[in-house]
Amino acid sequence: MSIAQTFAKAKAENRSVLVGCMPAGFPTVEHSIEQMIAMHEAGCDVIEVELPYSDPVMDGPVIQKASDIALANGVRTRDTLKIIEAVASAGATVVLMTYWNPVEKYGVDAFARDLAAAGATGMITPDLIPDEAAEWIAASDAHRIDRTFLVAPSSTDERIAMTLENCRGFVYATALMGVTGARKAVSSQAPELVARIRSIDPEMPVGVGLGVGNGRQAAEVAAFSDGVIVGSALIRSVLEAPDRATGLRDLRALSAELAEGVRDR
Amino acid sequence: MSAETLPDLAGHFGRFGGRFVPEALIKALDELEAAYRSAKRDPEFQARFQDLLLNYAAVPSLLYRATRLSEALGAEILLKREDLNHTGAHKVRNVLGQALLAKRMGKPRVIAETGAGQHGVASATAAALLDLECVVYMGETDTQRQALNVARMRMLGATVIPVTNGSRTLKDALNEALRDWVSTVDTTHYLLGTAAGPHPFPELVRDFVGGIGVEARAQCLEQLGRLPDAVAACVGGGSNAIGIFHAFVPDESVRLYGFEAGGDGMETGRHAASITGGSVGVLHGNRTYLLQDDDGQTIESHSISAGLDYPGVGPEHAWLHDTGRAVYEPVTDAEAMAAFQLLCRTEGIIPAIESSHALAGAAKIAPRLREELGRTPTIVVNLSGRGDKDVHTAGAYFGLLDQVETVVPGENT
């Protein structure tokens, strides 16, 4: 299913889309595939595969740690593409989240081509703003990859409008000024940001990320957004589990709880 | 494109520079740029900056004719004595400029990243002077290796936060400072330590340290009645080098040489030479040369000099390299340490190991220039910092310390 279809379907069901994030190759290639498929089966509408990167400035300690583990275990860019292929083949809608340098190193057009061939429908770029994205816009147009750029509470209306013009699929609203990681309370800046986005472009689906860790928070965010993006809390259930079976069980349980949350808005 | 007008409005030096950061930081960068543009035109701000440089930091630094070193190298060597500045390095120029800018923007808190601790100490100094709260991020490995500088920062009232992510060194400290900044931009200025990072930092830092070259050029004309044949500087992130290069860029007869840290030798892969041993990519907010693997993952750098131990380089250097206006070459740990010893013994000056790379580079180019010019060449070397902080490393390297564990060359201290 394309991103647009996924959001349209959720809208028809009067609920939000649940986007679950997991770093590729964490803790190993095989296990990360297993985890992503479990998330898909337990109710994540979109699997956001994060390409592990040595210098993830947008990410908090949990995703950093998981990325470090993946890199230490030798995960490569081509493994990430393989993982996407496996998860997409299992029927999940897959988007990639990646810092820019690994894409530039791979070759921007070749990356878009191989990403599309692997079955990903979109790509989120946390450290690439549209101002610097001419090559990516051309490549993603050529290979029909949806582009998700970020907007933040600090973004001016002019920048939000410019960013929305360059997004396709959905826009990623960073709910608070900070890095990824579950928070005790949902940011009060988030609803205001979503309202500003909608007043500029009522059509573009808005995914809200940063800080959601449980079903109640998912419901809170789902009440004012089109998509709820969860990463650190899901990853933590694997990181903190005493063994693999427990980790997978907790991951499924949290995914199901979040899926319920996005329907309970 | 001419060097004087770069970067362009979006912060690009040709294909380099720009802004590769989360959208959440764009507003802060725009604000910083606007504040900087207005400060640049404000005579009061400029007067305050010049006053602090002159009466607090002991700038302009001397341009010293090093007679015995000149004899030893077969070239006329002039040392730009940035080691005599307050806090012992060129960095004081940048931190005073940025701390004044933070005050102007009404931000009560500054954060900084530091490797060996020199930029952290300089930031803590400026923060104390201008009554700003100061938080310094430092890799845990570096806090252990540089316990004295950690104590210095604390004495000056700064908070030092050890960073335990990734390789626990300078690049990870920089990542952590960026993460802090994303969460605190309303109250915090990020006092970046080198002429790199997202626009407008490369331009702003260059301008604050640009006095080095302006002074050196005027001092050459005054002392020699002519310009030098070459200017040499060490390059890590590249702030001291861009500071001395910039005023000379339009002088086509003046050759510009940047010496990168060659570590154990380029062939070993253990070095910090981003331009001579790296490739083009994006790191820490700008497109530049960096050390990376086939997947674009950053490779850890290695140098005996902690101040040069960084896997990237400022975007203006990347551009000067591409255009051929400046020449970049590696200098190994061993070559730098030989030059360190030579300056100690011929001139009674203990240089920073960083600056020793520039001295070693001058020794390398002297015979080439002599042959090319058919006469004794005149070379200005930027002596960017003093060596007090390196006494332990150098003492261990040369076996001058009693009953102290030997430090393995290539490991920073």
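As the structure is a computational prediction, the values presented were derived from the model and not from experiment.

Visitor: Sorry if this is basic, but what is going on with the overall build of chain B here?
Guide: Assigned secondary structure in chain B consists of 16 helices and 14 strands. Taking 413 residues into account, the globule formula puts the C-alpha radius of gyration at 22 Å, and chain B, at 20 Å, falls close to it. Taken over the C-alpha atoms alone, chain B extends approximately 55 × 50 × 45 Å along its principal axes. A buried classification covers 64% of the 413 residues belonging to chain B. Pairs at least 24 residues apart make up 73% of the contacts formed inside chain B by residues separated by at least 6 positions.

Visitor: When you look at the UniProt feature "modified residue: N6-(pyridoxal phosphate)lysine" (unreviewed entry) in chain B in this model, what are you seeing that I'm missing?
Guide: Residue and element names in this part refer to chain B. UniProt records the feature "modified residue: N6-(pyridoxal phosphate)lysine" (unreviewed entry) at Lys91, using the numbering of this structure. Within the element layout of this structure, lysine 91 appears in helix H4 (residues 91-104). Each residue touching lysine 91, except ones within four places of it in the same chain, is listed here: Gln118, His119, Ala122 and Gly193.

Visitor: I keep staring at the UniProt feature "active site" (unreviewed entry) in chain A and nothing clicks. Help me out?
Guide: Look at the UniProt record and you will see "active site" (unreviewed entry) annotated at Glu48 and Asp59 of chain A. Locating glutamate 48 of chain A in the fold gives a position in strand S2 (residues 46-50). With near-sequence residues (within four places) excluded, glutamate 48 of chain A lies in contact with Val19, Gly20, Cys21, Met22, Val95, Met97, Ile124, Tyr172 and Ile229 of chain A. On the secondary structure map, aspartate 59 of chain A appears in the loop between S2 and helix H3 (61-72). Once you skip the residues sitting within four places of it in the chain, aspartate 59 of chain A turns out to touch Glu50, Gln64, Met97, Tyr99, Val179 and Thr180 of chain A together with Arg179 of chain B.

Visitor: Would you mind showing me how to read the side chain of aspartate 309 of chain B here?
Guide: All names here are of chain B. Within the fold, aspartate 309 resides in the loop between strand S12 (285-290) and helix H13 (315-323). Residue aspartate 309 is classed as buried on the basis of its relative accessible area of 14%. Here the side chain of aspartate 309 touches histidine 302 through a polar contact of 3.4 Å, landing on its backbone nitrogen.

Visitor: Explain the packing of aromatic side chains to me, please; I cannot follow it from the model alone.
Guide: Two descriptors summarise a pair of aromatic rings, namely the distance from one centre to the other and the angle between the planes of the rings. Residue and element names in this part refer to chain A. By the definition in use, this model includes 13 aromatic pairs over all chains. Plain terms: the ring middles of tyrosine 106 and phenylalanine 111 are 5.2 Å apart, the flat faces sit at 85 degrees to each other, and that makes the pair edge-to-face. When its relative accessible area of 30% is taken as the criterion, tyrosine 106 is described as partly exposed. Residue class for phenylalanine 111 comes out buried when judged on its relative accessible area of 1%.

Visitor: Quick question: what am I supposed to make of the packing of H4 of chain B against helix H9 (residues 201-209) of chain B here?
Guide: For any two helices packed against each other, one specifies the inter-axial angle together with the distance between the axes. Residues and elements named next belong to chain B. H9 packs onto H4 with a crossing angle of 115 degrees between their chain directions and a minimal axis gap of 8 Å. Considering only the axes of H4 and H9, their crossing is right-handed. Counted together, Arg93, Asn94, Gly97, Gln98 and Leu101 of H4 and Phe201, Leu204, Val205, Phe208 and Val209 of H9 form the full contact between these two elements. The class makeup of the residues in the contact of H4 with H9 is six nonpolar, three polar and one charged.

Visitor: How should unusual backbone geometry be read in this particular structure?
Guide: For residues that are not glycine, phi is negative in most cases, and the peptide bond is trans in most cases. With an omega of 5 degrees, the peptide bond running from leucine 6 of chain B to proline 7 of chain B counts as cis. With respect to the secondary-structure elements, proline 7 of chain B resides in the segment before strand S1 (12-13). That bond from histidine 199 of chain B to proline 200 of chain B is cis: its omega, 15 degrees, falls within 30 degrees of zero. One can find proline 200 of chain B in the loop between strand S8 (188-190) and H9. The backbone of arginine 144 of chain A shows a phi angle near 55 degrees, a positive value even though the residue is not glycine. Tracing the sequence through the fold places arginine 144 of chain A in the loop between helix H7 (134-142) and strand S5 (146-148). Unlike most non-glycine residues, alanine 58 of chain B shows phi in positive territory, near 65 degrees.

Visitor: Is there a simple way to explain the sheet that holds strand S11 (residues 279-283) of chain B in this structure?
Guide: Across a sheet, paired strands are connected by hydrogen bonds in the backbone, their directions being either parallel or antiparallel. Residues and elements named next belong to chain B. Taken together, the four strands give an open sheet; going across it, the order is S1-S2-S12-S11, and neighbouring strands pair in antiparallel fashion. Looking at strand neighbours, the two that pair on one side only are S1 and S11, the edges of this open sheet. Bridging between strand S2 (residues 16-20) and S12 involves two bridges; their strand directions are antiparallel. The partner of phenylalanine 20 across the bridge, within S12, is glycine 285. Sheet strands in contact with H13 are S1, S2 and S12, and its direction is about 45 degrees off that of S12.

Visitor: Any chance you could explain the domain arrangement of chain B here in plain terms?
Guide: Accessible area lost upon the coming together of the parts is a frequently used measure of interface size. Residues and elements named next belong to chain B. Under the domain assignment used here, chain B contains domain 1 (11-55 + 91-205) and domain 2 (63-88 + 210-397). Domain 1 and domain 2 are separated by 23 Å when their C-alpha centres are compared. Listed as interface residues are 28 residues of domain 1 and, on the opposing side, 32 residues of domain 2. Interface area for domain 1 against domain 2, summed over the two sides, is near 2,600 Å², with a carbon-plus-sulfur share of 62%. It is Phe16, Phe20 and Arg93 in domain 1 that bury the most area against domain 2; as a group they hold 25% of the surface buried on that side. The closest approach of N and O atoms between glutamate 215 and arginine 93, which form a salt bridge, is 2.9 Å. Linking domain 1 to domain 2 there are nine residue pairs in polar contact (both at pLDDT 80 or more). Those elements giving two or more residues to the side of domain 1 that touches domain 2 turn out to be S2, H4, helix H5 (118-129), helix H8 (170-184) and H9.

Visitor: Is there a simple way to think about the environment of threonine 194 of chain B in this case?
Guide: Residues and elements named next belong to chain B. Along the chain, the position of threonine 194 falls in the loop between S8 and H9. Setting aside residues up to four positions removed in sequence, threonine 194 forms contacts with Val205, Gly237, Gly238 and Ser239. Within the structure, threonine 194 has its side chain in polar contact with the backbone nitrogen of glycine 238 (distance 3.4 Å). A polar contact is formed between the side chain of threonine 194 and the backbone nitrogen of serine 239, at a distance of 3.4 Å.

Visitor: Quick question: what am I supposed to make of the UniProt feature "domain: Tryptophan synthase beta chain-like PALP" (unreviewed entry) in chain B here?
Guide: UniProt feature "domain: Tryptophan synthase beta chain-like PALP" (unreviewed entry): in the numbering of this structure it lies at residues 61-385 of chain B. Helix makes up 44% of residues 61-385 of chain B and strand 21%. Its end C-alpha atoms lie 11 Å apart.

Visitor: Quick question: what am I supposed to make of helix H10 (residues 211-224) of chain B here?
Guide: Three- or four-residue spacings in an α-helix give side chains the same orientation, since the helix completes a turn every 3.6 residues. All names here are of chain B. Between the first and last C-alpha of H10 there are 19 Å, a value that for 14 residues agrees with the 20 Å anticipated at 1.5 Å per step. Taken together, the buried positions of H10 are Ile212, Gly213, Glu215, Ala216, Gln219, Cys220 and Leu224. Looking down the long axis of H10, one finds its buried residues gathered within 160 degrees of arc, a one-sided arrangement. Turned more than 90 degrees from where H10 packs its buried face, Val214 and Glu222 sit exposed. Its buried side turned inward, H10 meets strand S3 (63-65), strand S4 (76-81), H4, H9, helix H11 (239-245) and strand S14 (378-383).

Visitor: Any chance you could explain the sheet that holds strand S3 (residues 93-97) of chain A here in plain terms?
Guide: Residue and element names in this part refer to chain A. One open sheet accounts for nine strands, arranged S5-S4-S3-S2-S1-S9-S8-S7-S6; its pairing is parallel. The open sheet has two edge strands, S5 and strand S6 (150-151), and neither has a second partner. Strand direction decides the pairing type here: S6 and strand S7 (residues 171-174), joined by two bridges, are parallel. Within S7, the position partnered with valine 151 by the bridge is alanine 173.

Rules and cut-offs
- Residues numbered from 1 in each chain as written.
- Chains lettered and ligands numbered in written order.
- Predicted model: local features only at pLDDT ≥ 70, side-chain atom pairs only at ≥ 80, totals over all residues.
- Heavy atoms only, no water.
- Helix = DSSP H or I, 4+ residues; strand = E, 2+ residues; numbered from the N terminus.
- Rg over C-alpha atoms; globule rule 2.2 N^0.38 Å.
- Buried < 20%, exposed > 50% of the residue type's maximum accessible area, 1.4 Å probe, protein only.
- Contact = heavy atoms within 4.5 Å.
- UniProt positions renumbered as here; feature names shortened; annotations may be inferred.
- Polar contact = N/O pair within 3.5 Å; in protein donor to acceptor, adjacent residues only side chain to side chain.
- Phe/Tyr/Trp six-rings, centres within 6.5 Å; stacked < 30°, edge-to-face > 60°.
- Axes fitted to C-alpha atoms, helices over the stretch in contact; angles between N-to-C directions.
- Left-handed = near helix turned anticlockwise from the far one by under 90°.
- Nonpolar A, V, L, I, M, F, W, Y, C, P; charged D, E, K, R; others polar.
- Pairing = 2+ DSSP bridges.
- Domains from an automatic or database assignment.
- Buried area = accessible area lost by both parts, 1.4 Å probe.
- Salt bridge = Lys/Arg side-chain N within 4 Å of Asp/Glu carboxyl O.
- Expected span 1.5 Å × (residues − 1).
- Arc of directions from axis to C-beta.

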